[in-house]
Amino acid sequence: MMFKSKIITSLSVAALLTAVPFSFGAGINATAKTTSKKVVEKKIPVQLLSMNDLHGYIDGNNKKDSVGTPVGGMASLAYNFEQEKAAFAKANKLKSTTSNSLSIHAGDTVGGSPAISSLLQDEPTMNILNAMNFSIGALGNHEFDEGLDEFQRIWKGKKPIKGVTQNYEFVKDYKQTTSKMEILSANVVDKKTKKLVKGFKPYTVKTIGGVKVGFIGIVTPRIKEVVLAQHTRDIDVVDPGQAVAKYTKELRKQGVKAIAVVAHSSVEVDKEANSSIETQENSRLTGDVIDMLKTANKLDPSNSIDVVFAGHNHGYANGTYKGVRVVEAYNYASAYSVVTGTLSSKTKDFMKTPAAKIKYNYTQTETTIMKNKVSKKVNGIIQEAKGIVGKVMDQPIANMNAAKISRERVAYPLGGSPVGNLVTDGQLAFAKAKDASVDFAFTNSGGVRSDLDATASGDSFVISRGAAQGVQPFGNILKIVELTGAQVKSAINNQFTGGYGLEVSGLTYTYKDKAVVDVFVNGEKIDEAKTYKAVINDFLVGGGDQFPTFKEAKVIDDLGLDTDAFIQYITHLKTVDASSVVEPRLKEVQ
């Protein structure tokens, strides 16, 4: 951030006349040339293109803008990025479209991905980001989904290991590339060494037009709430604001005054501000990113932060906080951020707060995509991945009487979506096949990743294996546990004390204000003293997504993977009746 200073010098005319009593001859001209020589300030235009929370959605996401135009797809984003770069270079009379533009990803490039990417361990996603020349990224929580060792294998382009790497048979012959993207992490430390986790830098410095620009990487402070405990037990997470302040000081000592934070951390806009892609209205910002900036401002008031690229909560943001630009562009490549500013060669900083616009990533036709060499290359990577996994994922497994079953929650942020109902029904059936005495099924709403989409076929719709896998992509292990009725009620109530949403089967419940009122089993109030059996995933067993009550559950049996359970359930149904899961299993009472 720029700190302006103005030095005004004056030369006394009387003193000049005393020194040179007669005329303004050659001597005076020579003096003027030496004393009035000024450093010419160069104004350097900068373009920062960014996205967040891709989650391997390389081949579209079935999303649309507010008027129904399709958005998404990385081949389309590659084309749109190239158009943005070309327009920026032309407007600023630059010789190259790459010299003053950088591409940035604010975490969760991988994890929770559809089959086209996940069955190949998200390696197609990394290849695409390489083809698009993404150079800066942040460590997100989903990079921990299979442990940091596996993410580093993907990132560094190392070979898969038989018996260790998931989906080995799919990925063993896939052509990998080492990522060009620097993944930054300034606030994740090794518990034993107390140093930053091995393999990741806290920041990087890029030079644009002779001016250094620093980028600091941050992951959400809530990472341990949303990642399997086994993958976070060896790390500690430093407060983001403290970490940022530490490295802004370090960067300034190196003469870096233009600073950006790439934060896989949430920001929220004031819902009453009518701020959206359509309006681009500035609005009051809240959330973890603002808390980070408040702490950084307190610990390092001269921190010189100019822009924050946010993520994690899959939201929209384009506003400022105390002169710092903050942006976030939804998820799954449905949108992207265009941040522009001007650097001063004199101050080595942005001349003013960078401007920004969030844009939809409009889906382009194949003809358009093939006109550009970068988008053409990206399309080739996508088609190759489809060819490898398509033989399995395109297989029809059932019919459905609707085009989709939605993951939209009726009482967000509480759980309770139609597809969540279907998922938990499937898990309950899966558990009952082994133990008929299982009463309930619970799953975290965050693990239900997409609508269940089907393709029209005559008078019906066909569900593919890939579409089902996209709903439950994580492959969490299902476990049968014992809970008292009181613990069941408490677990559901965790949603009102920070829990990120819970999908249920085998029961219903009512709520009022910020608490559960009653839980019903077969129309009767649950017996709080009785011990029940439930099926939950290993993520919830560890208290994930802020459901601490499940940590009290007694595990009595292991089942298979939740992904397999869902696919198997749909396959056995043969025809899915979308109307059977529409009715909410929760109700607000007065």
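The notes below deal with the structure included here. (Residues numbered from 1 in each chain as written. Predicted model: local features only at pLDDT ≥ 70, side-chain atom pairs only at ≥ 80, totals over all residues. Heavy atoms only, no water.)

### Details of the sheet that holds strand β33 (residues 586–588)
Using the following cut-off: At least two bridges found by DSSP between two strands are what make those strands a pair. Counting from the N terminus, the helices are DSSP H or I runs at least four residues long and the strands are E runs at least two residues long. Here, two residues are considered to be in contact whenever any of their heavy atoms come within 4.5 Å of each other. Angles run from 0 to 180 degrees between N-to-C directions of axes, and those axes are lines fitted to C-alpha atoms, restricted for helices to the stretch in contact.
What the 4 strands build is an open sheet, ordered β29-β28-β27-β33; its pairing is mixed. The open sheet has two free edges, formed respectively by β29 (524–525) and β33, since each of these has just one partner strand. Bridging between strand β27 (residues 508–512) and β33 involves 3 bridges; their strand directions are parallel. Note that in β33 the partner of Tyr-511 across the bridge is Glu-588. Taken strand by strand, helix α15 (residues 485–493) contacts β27 and β28 (515–521), and its axis lies near 130 degrees from that of β28.

### Regarding the packing of helix α9 (residues 240–253) against helix α10 (residues 288–299)
Packed helix pairs are specified by the crossing angle of their axes together with the interaxial distance, meaning the distance between the axes. Put simply, the test is: Angles below 35 degrees are treated as roughly parallel, those above 145 as roughly antiparallel, those between 65 and 115 as roughly perpendicular, and all remaining angles as oblique. In this scheme the handedness of a crossing depends on how the near helix is turned from the far one: anticlockwise by less than a right angle means left-handed, clockwise means right-handed. The nonpolar class holds Ala, Val, Leu, Ile, Met, Phe, Trp, Tyr, Cys and Pro. Asp, Glu, Lys and Arg form the charged class, and all remaining residues, Gly among them, are polar.
Across the interface, α9 lies against α10 with an axial gap of 7 Å and an inter-helix angle of 45 degrees. Judged by the angle between their axes, α9 and α10 are oblique. Between α9 and α10 lies a crossing whose hand is right-handed. Of the residues in α10, those in contact with Pro-240, Gly-241, Gln-242, Val-244, Ala-245 and Lys-249 of α9 are Met-292, Thr-295, Ala-296 and Leu-299. Partitioned by chemical class, the residues of the contact of α9 with α10 number 6 nonpolar, 3 polar and 1 charged.

### Let's talk about the pattern of salt bridges
Which entries qualify depends on this criterion: We define a salt bridge as a contact between a side-chain nitrogen of Lys or Arg and a carboxyl oxygen of Asp or Glu at a distance within 4 Å. Burial status follows relative accessibility: with a 1.4 Å probe on protein chains alone, a residue under 20% of its type maximum counts as buried, one over 50% as exposed, and anything between as partly exposed.
Enumeration over the complete set of coordinates arrives at 19 salt bridges. Across the pair Glu-123 and Arg-153 runs a salt bridge whose closest N-O atoms are separated by 2.9 Å. With a gap of 30 residues between them, Glu-123 in helix α5 (residues 123–131) and Arg-153 in helix α6 (residues 148–156) connect regions that are remote in the sequence. In this structure, Glu-123 and Arg-153 share a single accessibility class: buried. One network of salt bridges, in which partners are shared, links Glu-123, Glu-150 and Arg-153.

### Overview of the sheet that holds strand β14 (residues 305–309)
The strand order across the open sheet built from 6 strands is β8-β9-β11-β14-β16-β15, with neighbouring strands paired in mixed fashion. Two strands bound the open sheet, and with one partner strand each, they are β8 (203–208) and β15 (316–321). With direction set aside, neighbouring strand axes in the sheet form an average angle of 20 degrees. Its contacts with the sheet place α10 against β9 (211–219), β11 (258–264), β14, β15 and β16 (324–329), and it is angled at close to 155 degrees to β14.

### Thoughts on the environment of Asp-59
Worth spelling out the cut-off: N or O atoms closer than or at 3.5 Å make up a polar contact, with two conditions inside protein: a donor-capable atom paired with an acceptor-capable one, and, for residues adjacent in sequence, both atoms drawn from side chains.
One can find Asp-59 in the loop between β1 (43–51) and β2 (63–64). Residues Asp-59 and Ala-333, spaced 274 residues apart in sequence, show a C-alpha to C-alpha distance of 9.5 Å. Setting aside chain neighbours within four positions, we find Asp-59 in contact with Gly-73, Ile-116, Ile-382 and Lys-386. A polar atom in the side chain of Asp-59 sits 3.4 Å from the side chain of Lys-386.

### So, unusual backbone geometry
Here the bond from Tyr-412 into Pro-413 is cis, since omega is 10 degrees, no more than 30 degrees from zero. Locating Pro-413 in the fold gives a position in the loop between β20 (404–405) and α13 (418–432). Phi is positive for Ala-333, which is not a glycine, with a value near 60 degrees. The backbone phi angle of Lys-348 is positive, close to 60 degrees, even though this residue is not glycine.

### A word on the nonpolar core
Operational definition: Nonpolar cores are built from buried Ala, Val, Leu, Ile, Met, Phe, Trp, Tyr and Cys residues. Side-chain atoms within 4.5 Å join them into one set.
Met-74, Ile-128, Met-132, Phe-144, Phe-200 and Val-378 are the most contacted members of the largest nonpolar core, which has 51 residues in total. Going through the elements one at a time, β1, α3 (74–91), α4 (115–118), α5, α6, α8 (223–226), β17 (335–344) and α12 (373–393) are the ones with two or more residues in this core. Element by element, the count of residues in this core is highest for α12, at 7 residues. Counting 29 residues, the second largest nonpolar core, distinct from the first, contains Ile-136, Ala-138, Phe-350 and Ile-358.

### Description of the pairing of strand β26 (residues 502–505)
Every second residue of β26 is oriented toward a common face, with Leu-502 and Val-504 on one face and Glu-503 and Ser-505 on the other, all of them buried. Where strand β21 (residues 440–444) lies against β26, 4 bridges are found, and the strand directions are antiparallel. Its bridge partner being in β26, Phe-442 is matched across the sheet by Val-504.

### Observations regarding α5
Among the 9 residues that make up α5, 9 are buried, leaving the element largely enclosed by the rest of the structure. For α5, the complete set of buried residues consists of Glu-123, Pro-124, Thr-125, Met-126, Asn-127, Ile-128, Leu-129, Asn-130 and Ala-131. Of the surrounding secondary structure, the elements contacted by the buried residues of α5 are α3, α4, β5 (134–138), α6, α7 (168–171) and α12. Asn-133 lies just past α5 and shows a positive phi near 65 degrees.

### Observations concerning the side chain of Thr-109
Structurally, Thr-109 can be placed in the loop between β4 (101–105) and α4. Here Thr-109 is in contact with Leu-54, His-55, Gly-56, Thr-125, Met-126, Leu-129, Glu-143, Phe-151 and Met-181, once residues within four sequence places are set aside.

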